[in-house]
Amino acid sequence: MKHLGRHVLAEIYGCEFDILNDIEKVEEIMVNAALEAGAEVRECVFHKFSPQGVSGVVVISESHLAIHTWPELGYAAVDVFTCGDKVDPWDACNYLTSQFRAKHMSAKETKRGIFPITEQVAEQQVAVNL
């Protein structure tokens, strides 16, 4: 079945504290991860927590990349959601793992927007009737 997008949830461990705690560095790496995957960056919002940690999102034309860091644990929770066929979320996840100098990354991918055939037919009929 065809899907609208791919959503990768990544657990990135053993990262360097100084990278995960630097808001400018995290934002730069996230934007470059999006570009590395072939995405078109639209907007970014990042926040630095006290005493440590960064959260942020990079909005891309194809969806988004989001991150929450726990520098004291060397851990980053990342999700990369891409729509269409031209952007590969795994490229972004692998780039992030490398740039955070992580020791380990585990991730899973979920296909998003898989519609049962009966719903697709019903939607097409509604569209025709309008």
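Look up: the structure comes first, before these words.
My aim in this report is to walk through the structure given alongside it, one point at a time. Computed from a prediction, not measured in an experiment: that's the story for all the values here.

Moving on: the sheet that holds strand β6 (residues 104-112). Within the open sheet, the six strands sit side by side as β2-β3-β4-β5-β1-β6. Their pairing is antiparallel. Each edge of the open sheet is held by one strand with a lone partner, namely β2 (41-48) and β6. Taking each pair of neighbouring strands and ignoring which way they run, the sheet shows an average axis angle of 10°. Judged from the eight bridges that link them, strand β4 (residues 63-70) and strand β5 (residues 75-83) form a sheet pairing that is antiparallel. Following the sheet pairing, S63 is matched in β5 by T82.

Moving on, we get to the side chain of R6. Considering the arrangement of structural elements, one finds R6 in strand β1 (residues 5-13). Among the polar contacts listed, one links the side chain of R6 to the side chain of E109, at a separation of 2.8 Å. Those residues in contact with R6 that lie beyond four places of it in its chain are V80, F81, T82, V87, D88, P89, W90, E109, T110 and K111.

What follows concerns helix α3 (residues 89-99). Every buried residue belonging to α3 is among P89, A92, C93, Y95, L96 and T97, and all of these are buried. Its buried side turned inward, α3 meets β1, α2 (23-36), β4, β5 and β6. Where α3 starts, the residue carrying a side-chain oxygen 2.9 Å from the main-chain nitrogen of W90 turns out to be D88. Backbone geometry just downstream of α3 places R101 in the positive-phi region, at approximately 55°.

Evaluation of the coordinates by the stated rule reveals seven salt bridges. E109 is the partner of R6 in a salt bridge, and the nearest nitrogen-oxygen pair spans 2.8 Å. Taken together, the positions of R6 in strand β1 and E109 in strand β6 put the pair 103 residues apart, joining distant regions of the chain.

Cut-offs and rules
- Residues numbered from 1 in each chain as written.
- Predicted model: local features only at pLDDT ≥ 70, side-chain atom pairs only at ≥ 80, totals over all residues.
- Heavy atoms only, no water.
- Pairing = 2+ DSSP bridges.
- Helix = DSSP H or I, 4+ residues; strand = E, 2+ residues; numbered from the N terminus.
- Axes fitted to C-alpha atoms, helices over the stretch in contact; angles between N-to-C directions.
- Polar contact = N/O pair within 3.5 Å; in protein donor to acceptor, adjacent residues only side chain to side chain.
- Contact = heavy atoms within 4.5 Å.
- Buried < 20%, exposed > 50% of the residue type's maximum accessible area, 1.4 Å probe, protein only.
- Salt bridge = Lys/Arg side-chain N within 4 Å of Asp/Glu carboxyl O.

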